[in-house]
Amino acid sequence: MTQPAFFVLTALAGGPRHGYGIVGEVADLSGGRVQLKIGTLYGVLDRLVSDGLVEPDREEIRQGRLRRYYRLTERGGAELAADAERQAAAARTAVERLRGWRPTRAGRAPSAGSAGVAGTRRRSPRAVADGGAV
Amino acid sequence: MNTLERRYRRVLRLLPAPYRARWEEEMVEAFLASVETDDPERAEYVAEFGRPRLAEVASVVLLSVRLRLGLAGTPTPRSLIWGGAFRIVALCWLLTGAAMATAFTAERVRALGRPLYDDLAVEPPVFVTLSAWDLASMLWVVAFAAALFGRLRVARGLAVLLVLSTALTRIVENLAGAPEFWWYGGPSIVVEVCLLATLWTLNPTVRPWWGPWILAWLGGVALMLAYLAAPTTALAWGIVDSAGLYTIVLVPAAMVQLARPRRDPAWSLALAVMIGITLIRVLGALPGVLNIPPEFVMAPLVAAVVEVAALVLAGALMVVVSVRALARLEPDPHRTIAG
């Protein structure tokens, strides 16, 4: 699922919304990071409607112009839940890894214990196996 | 209807008619809502003198291209053909790069350590070596394999790297050089960048059957090795250059496509596009051919004329076949939200 599609579905999970309402909600949800343009929104919306993830809810005429609201379908909710779970699992993994990670400064001088005989640097078996430099 | 709305509707005309019939009113409403303001004076000014922002126009242009290539919205028979054609062009481009890089590197490895110029007495002698550029060119093979097996980010990243590094090197090398470079080098760089853009038509959900593509790559390598083994004088005067090689492949391919009883329209269209690109390359190389000393110019000039004639004929046939196939398609249904 693309990022705009994910945010559109998330916006509609909060209730039916019309086109510009979705744009505003997506901007809020993403902290202003995703600013959908109208062309982008309707490309996404067309695909979501044809895939049965989103459907028209109701129509109203505002200032003589058609305003159509969309809502999430049951299938759309399930797809969103599955994608959100995938992203949450990936985020959990990243957070767990980061707990044990400490930044290492590049170019740090080797400690006395790591220096080899006559000033040469010894390669650890792990580094050799990885094919990397010490 | 105010001026701003009229201008936005004019931009929306870029979209395919069936799509517009379904979404135009909603898009206009959403767009006008996006520029609404509480200040009545400002609202009046915007309505009469405002223009859609460039980013909004760009989003519609991009949507129009993506719809026509079946990359956005609901695919139509027409968009599937256009999208399929550009995917074929993208894969053929990577295939060409991969086959050329493999053959060049194989040839270099075979000749490693031998004198570079067999028939010239150069002092001190220059020997064939394997440069970093030769090895880097093998990234074409990685990019081709990545595209074939659905690793599109890798394929695109490597292709961007390869095209930009080659283009920048050529530009820097020729900055102080002859102005003729821009006549034939310029279009060639533009063509490469356009071909690079076709990689964004590749779709992770449409995976090509890799078997025939691997066979085509091996065939391309064999053809390139045969080309490299040809007499040096024939190559040196551009009787058969790289554009000539493309012609040798594309023109028979177009004839085979023409003879097939059930033609895939995407292939006809892809061949028409690739033949058009090759024609640009051949015509771009013509000034170089005309600079050849008069005593040697006849053979490459005849070769260039034959190439142009064959490409124009094959290209025209592919265009006719493609246009007919597209015209035979049912018009897209005028879809409404209810139906």
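Just so we're clear, the structure is a prediction, and the values are computed from it rather than from any experiment.

Peer 1: Explain the environment of B:Leu80 to me, please; I cannot follow it from the model alone.
Peer 2: Residues and elements named next belong to chain B. Position of Leu80 among the secondary structure elements: in helix H5 (residues 77-110). C-alpha separation for the pair Leu80 and Ala266, spaced 186 residues apart in sequence, amounts to 8.1 Å. Contact partners of Leu80, with chain neighbours within four places excluded, come to Gly70 and Pro75.

Peer 1: Hey, could you run me through the sheet that holds strand E2 (residues 54-62) of chain A in this one?
Peer 2: If you walk across this open sheet you meet the 3 strands as E1-E3-E2 (chain A), and the pairing is antiparallel. The outermost strands of the open sheet, each flanked by one partner alone, are strand E1 (17-18) and E2 of chain A.

Peer 1: Sorry, what's going on with the pairing of E2(A) here?
Peer 2: Every other side chain in a regular strand lies on the same face of the sheet, so the side chains alternate between the two faces. All names here are of chain A. For E2 and strand E3 (residues 65-72), the ladder comprises 8 bridges, and the chain directions are antiparallel. Looking across to E3, one finds that Glu60 is bridged to Arg67. Here E2 hands over to E3 after 2 residues, with Gln63 in that stretch at a positive phi of 50°.

Peer 1: Can you help me understand the interface of chain B and chain A in this one?
Peer 2: How large an interface is tends to be reported as the accessible area lost when its parts come together. Taken together, the contact pairs 21 residues of chain B with 17 residues of chain A. Within the residue set of the side of chain B that touches chain A, elements represented by two or more residues are helix H2 (17-34) and helix H4 (54-68) of chain B. For the side of chain B that touches chain A, the leading source of residues is H2(B), giving 10 residues.

Peer 1: I tried to follow the nonpolar core on my own but got confused; where do I start?
Peer 2: The nonpolar side chains of soluble globular proteins are, as a tendency, buried together. Within the largest apolar cluster, 98 residues are counted, with the highest numbers of intra-cluster contacts made by A:Val8, B:Ala85, B:Val89, B:Leu94, B:Phe144, B:Ala270 and B:Ile275. For this core, the element with the most residues is H5(B), which contributes 16 residues. Mapped onto the domain boundaries, this core takes at least three residues apiece from domain 1 (3-68) and domain 2 (78-328) of chain B.

Calculation criteria
Residues numbered from 1 in each chain as written. Chains lettered and ligands numbered in written order. Predicted model: local features only at pLDDT ≥ 70, side-chain atom pairs only at ≥ 80, totals over all residues. Helix = DSSP H or I, 4+ residues; strand = E, 2+ residues; numbered from the N terminus. Contact = placed C-beta atoms within 7 Å. Pairing = 2+ DSSP bridges. Core = buried A, V, L, I, M, F, W, Y, C linked by C-beta atoms within 7 Å. Buried ≥ 20, exposed ≤ 12 C-beta atoms within 10 Å, placed from the backbone. Domains from an automatic or database assignment.

Bear in mind that shape data such as this cannot, by itself, settle questions of function.
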